[in-house]
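Summary of structural features
For reference, the chains in residue letters:
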Amino acid sequence: MTEKNAILKVEGHDDISLPIYTPTMGQDVIDVASLTGKGLFTFDPGFTSTASCESKITYIDGEKGQLLHRGYSIEELANKSDYLEVCYLLLFGELPTAEQKESFVSTVKNHTMVHEQLQFFYRGFRRDAHPMAVMCGVVGALSAFYHDSTDIKNPMHREVTAYRLIAKMPTIAAMCYKYSAGQPFMYPRNDLSYSENFLHMMFGTPCEESKISPVLAKAMDRIFILHADHEQNASTSTVRLAGSSGANPFACIAAGISALWGPAHGGANEAVLNMLDQIGDVSNIDAYIAKAKDKNDPFKLMGFGHRVYKNYDPRASVMRESCHEVLNELGIHDPQLELAMKLEEIALSDPYFKEKKLFPNVDFYSGIILKAMGIPTSMFTVIFALSRTVGWIAHWNEMISNPYKIGRPRQLYTGYDERKFTPVNERK
Ligand code: SDX
């Protein structure tokens, strides 16, 4: 990083010189760390202008609608790679050779089973518990099973934890679904690919051999790729913050799952389907667009808008293409897809959405594919969490394997001055 300097002029202070760092790609950053020593804080609720860390994993250009993982575009990866190869790339920084890939896939396969005791955690939940609640609990509990690999300073412990989490999340996710459906858990099978195995554990039964559609397996794998990582989003920042205290990686991933659950973040895919149900018919679109524009109405167009993308989310474009492929292959005519496309067309032609640069994001189309694959709406964010686990782990590992400090933001305090305690019998 080449250093330039910014000069900050603050009344009552000498000029303050702040280093500016120039990245490989994107905006310059101003290092404000020295301000606390001068009795000043920066103020940036929601971190709209704050770079929380240095990273080499993912780059997003919101204006161009560009997303790169270790320099490779999401379009190329979605069309030419597969999820486990993208996992290797995110974790180790390079695409694997054929030999490295074979070894990585084999190691993941040999970690797909969960401890037999773990199944009893599910029985503590009601059958109608939201699968995300179950996943939060079960993943957090994994730290109770792996005392042999929670020394975060040990690179080998960090690596085996990455394998365990990437390998076990599909098993845990499918168990969340099976438990809610009252069906027996399915064991993973090592003769299937990562995505085929997930569909087997989701929809297979002990009564017959699983028949996995190659079209659905490819679509599932592409959905996993599109959700794998996305720079310092809310859930990844949560994982980094939890990890900065030295918490074990399973607890950090459970924190990330919790943050992802919100409808403003990973919960949006479920919220999009619920919104399309609410709109119901093309004739109601204009009324809902008006609600989305009304400052006094809390309704937002789910699946639209993004903190970083002020252009089309490149993942949404790939997802939209997959949507048509999957529905055509399955011969499904889904009125919700038609409704979604009409909603997109009307919204993108509306001045409000154009001025505020609100485009469809990754969540707008993903729910329609997942629904076409027979996956219940309540499982959508679970699948997002499954896929994003590799991104969370890659960022956690990048932080822990370099010098870091515990994350501890400050505040703008606007509460009371100090005042004396009043005994209860003297209070008015
Ligand atoms: C993900 O960060 C990531 O990278 C996340 C993610 C990832 O891969 O990790 O990409 C995944 O979370 C995608 C986003 C999914 N969420 C949704 O689809 C929910 C609907 N979208 C909004 O809640 C919103 O757009 C956010 C939360 C995504 C972004 O919010 P920001 O950046 O805080 O922007 P904002 O809320 O300040 O909006 C700016 C303006 C506001 O109007 P003004 O106050 O300026 O007048 O745009 C309006 C907002 O009211 N606006 C919307 C809108 N989104 C923003 N108006 C109507 N409908 C919307 N969807």
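Residues numbered from 1 in each chain as written. Predicted model: local features only at pLDDT ≥ 70, side-chain atom pairs only at ≥ 80, totals over all residues. Heavy atoms only, no water.

Concerning empty space enclosed by the protein
For the record, the criterion: A cavity here means a set of 1 Å grid points, computed over protein atoms only, where a 1.4 Å probe fits but cannot escape. A pocket is an open set with protein on both sides within 12 Å along at least 5 of 7 lines, and lining residues have an atom within 4 Å of a point. Grid points are joined across faces, edges and corners, and a volume is the space filled by probe spheres set on the points. Helix and strand definitions here come from DSSP, where helices need a minimum of 4 consecutive H or I residues and strands a minimum of 2 consecutive E residues; each element is numbered from the N-terminal end. Amino acids outside the nonpolar list (Ala, Val, Leu, Ile, Met, Phe, Trp, Tyr, Cys, Pro) and the charged list (Asp, Glu, Lys, Arg) are all regarded as polar, and Gly is one of them.
Counted under the stated rule, the structure contains one cavity of 30 Å³ or more. Of the volumes computed, that of the largest cavity is approximately 40 Å³. As for the largest cavity, its lining consists of Ile-223, Phe-224, His-227, Asn-269, Leu-370, Phe-380, Ile-383, Phe-384 and Ser-387. The set of elements that each furnish at least two residues to the lining of the largest cavity consists of helix H8 (214-226) and helix H17 (380-400). Tallying contributions element by element places H17 first for the lining of the largest cavity, with four residues. Residues that form the lining of the largest cavity fall into these classes: six nonpolar, three polar and no charged.

Focus: the packing of helix H6 (residues 155-181) against helix H10 (residues 249-260)
When two helices pack together, you describe them by how their axes are tilted relative to each other and by the distance separating the axes. So the rule is basically this: Geometry is summarised by axes, namely lines fitted to C-alpha atoms with helices restricted to the contacting stretch, and by angles between N-to-C directions that run from 0 to 180 degrees. Roughly parallel refers to an angle under 35 degrees, roughly antiparallel to one over 145, roughly perpendicular to one between 65 and 115, and oblique to any angle outside these ranges. Crossing handedness is defined as follows: a turn of the near helix away from the far one that is anticlockwise and smaller than a right angle gives a left-handed crossing, while the clockwise case is right-handed. Whether two residues touch is decided by their heavy atoms; if any such pair falls within 4.5 Å, the residues are in contact.
At a minimum axis distance of 11 Å, the contact between H6 and H10 shows a crossing angle of 45 degrees. One way to sum up the angle between H6 and H10 is to call them oblique. Along this stretch, H6 crosses H10, giving a crossing that reads as right-handed. From H6, Thr-161, Leu-165 and Met-169 reach across to H10, where they touch Pro-249, Phe-250, Ile-253 and Ile-257. Looking at the contact of H6 with H10 residue by residue, the classes come out as six nonpolar, one polar and no charged.

Examining the side chain of Ser-322
We apply this condition: To sort residues, take the accessible area from a 1.4 Å probe on protein chains only and compare it with the maximum for the residue type: under 20% means buried, over 50% means exposed, and anything in between is partly exposed.
Here Ser-322 lies in helix H13 (residues 314-330). Residue classification places Ser-322 among the buried positions, given a relative accessible area of 4%. Apart from residues lying up to four places away in sequence, Ser-322 is in contact with Arg-222 and Ile-369.

So, the sheet that holds strand S6 (residues 72-73)
How we decide: We treat two strands as partners when DSSP finds at least two bridges between them.
Read across the open sheet, the three strands follow the order S4-S5-S6; overall the sheet is antiparallel. Looking along the sheet, the strands with just one partner apiece sit at the ends: strand S4 (58-61) and S6. Relative to strand S5 (residues 66-69), S4 runs antiparallel, the two being bridged by four bridges. Note that in S5 the partner of Ile-60 across the bridge is Leu-67.

A short note on the site of the ligand
We apply this condition: Near residues are defined by distance, with any heavy atom within 4 Å of the molecule or strand qualifying the residue. Nitrogen and oxygen atoms within 3.5 Å of one another constitute a polar contact, given that in protein one can donate a hydrogen and the other can accept it, and given that sequence-neighbouring residues count only through two side-chain atoms. Each accessible area is a Shrake-Rupley estimate made with a 1.4 Å probe; only the visible protein chains count as cover when residues are assessed.
Close contacts around the ligand come from 24 residues, with His-230, His-306, Arg-307, Arg-315 and Arg-388 the closest. Take His-265: an N or O atom from its side chain is 2.9 Å from an oxygen atom of the ligand. Here a nitrogen atom of the ligand and a backbone polar atom of Phe-304 are 2.9 Å apart. Taken by itself the ligand offers 1000 Å² of open surface, and the protein chains cover 76% of this. Looking at the shell around the ligand residue by residue, the classes come out as ten nonpolar, seven polar and seven charged.

Brief notes about the nonpolar core
The nonpolar side chains of a soluble globular protein tend to be buried with one another. Going by this rule: Here the nonpolar core consists of buried residues drawn from Ala, Val, Leu, Ile, Met, Phe, Trp, Tyr and Cys, with membership extended through side-chain atoms lying within 4.5 Å.
Grouped together as the largest cluster of nonpolar side chains are 117 residues, with contacts concentrated most on Met-135, Met-220, Ile-257 and Leu-301. The residues touching Met-220, leaving out its near neighbours within four places in the chain, are Ser-195, Phe-198, Leu-199, Leu-370, Met-373, Ile-375 and Ile-383. In terms of nonpolar packing, the next biggest core, distinct from the first, is built from five residues, Ala-6, Leu-18, Ile-20 and Leu-35 among them.

Notes on the pattern of salt bridges
Stated formally: Definition used for salt bridges: Asp or Glu carboxyl oxygen within 4 Å of a side-chain nitrogen of Lys or Arg.
Using the criterion set out here, one finds 20 salt bridges in the structure. The salt bridge partner of Lys-4 is Asp-28, with a shortest N-O separation of 2.8 Å. Taken together, the residues span a long stretch of sequence, with Lys-4 in strand S1 (residues 3-8) and Asp-28 in the loop between strand S2 (16-21) and strand S3 (29-30) at a distance of 24 residues. Judged by relative accessible area, which is 40%, Lys-4 ranks as partly exposed.

Describing the layout of surface pockets
Taken as a whole, the second largest pocket holds about 260 Å³ of empty space. Among the residues forming the lining of the second largest pocket, the class breakdown is eleven nonpolar, five polar and four charged.

Overview of the environment of Met-175
Checked against the element boundaries, Met-175 lands in helix H6. Spatially, the C-alpha atom of Met-175 lies 18 Å from that of Glu-209, the residues being 34 residues apart in sequence. Not counting chain neighbours up to four residues away, the residues in contact with Met-175 comprise Val-114, Gln-119, Tyr-122 and Phe-185.

Thoughts on the pairing of S4
Along S4, one buried face is formed by Thr-58 and Ile-60 and the opposite face, lined by Tyr-59 and Asp-61, is buried too. Linking S4 back to S5 in an antiparallel pair, the connection comprises four residues, with Gly-65 at a positive phi of about 70 degrees.

Notes on the packing of helix H14 (residues 335-348) against helix H16 (residues 362-372)
Relative orientation of the contacting elements H14 and H16 amounts to 170 degrees, with a least axis distance of 10 Å. Accordingly, the angle class assigned to the pair H14 and H16 is roughly antiparallel. Only Phe-364, Tyr-365, Ile-368 and Lys-371 of H16 make contact with H14, whose side of the interface consists of Gln-336, Leu-337, Ala-340, Met-341, Leu-343 and Glu-344. Of the residues assigned to the contact of H14 with H16, the class counts are seven nonpolar, one polar and two charged.

A word on the packing of aromatic side chains
Applicable threshold: Between the rings of Phe, Tyr and Trp (Trp by its six-membered ring), a pair exists once the centres lie within 6.5 Å; its type follows the angle of the planes, with under 30 degrees stacked, over 60 edge-to-face, and the other angles tilted. Two conditions define a charge sitting above a ring: the NZ of Lys or the CZ of Arg must be within 6 Å of the ring centre, and it must be within 35 degrees of the ring normal.
As enumerated under the stated definition, the model contains 19 aromatic pairs in all. For the pair Tyr-288 and Phe-299, a centre-to-centre distance of 5.4 Å together with 65 degrees between the ring planes defines the contact as edge-to-face. Of this pair, Tyr-288 sits in helix H12 (residues 285-293) while Phe-299 sits in the loop between H12 and H13, placing them eleven residues apart in sequence. Taking relative accessible area as the criterion, Tyr-288 reaches 14% and is therefore assigned buried. Between Phe-364 and Tyr-365, the aromatic rings sit 4.9 Å apart at their centres with planes inclined by 80 degrees, giving edge-to-face as the arrangement. A relative accessible area of 1% places Tyr-365 in the buried class. An aromatic cluster of at least three residues, connected via ring pairs, comprises Phe-304, Tyr-352, Phe-353, Phe-364 and Tyr-365. Lying across the ring of Tyr-179, Arg-127 places its NZ or CZ 4.2 Å from the centre.

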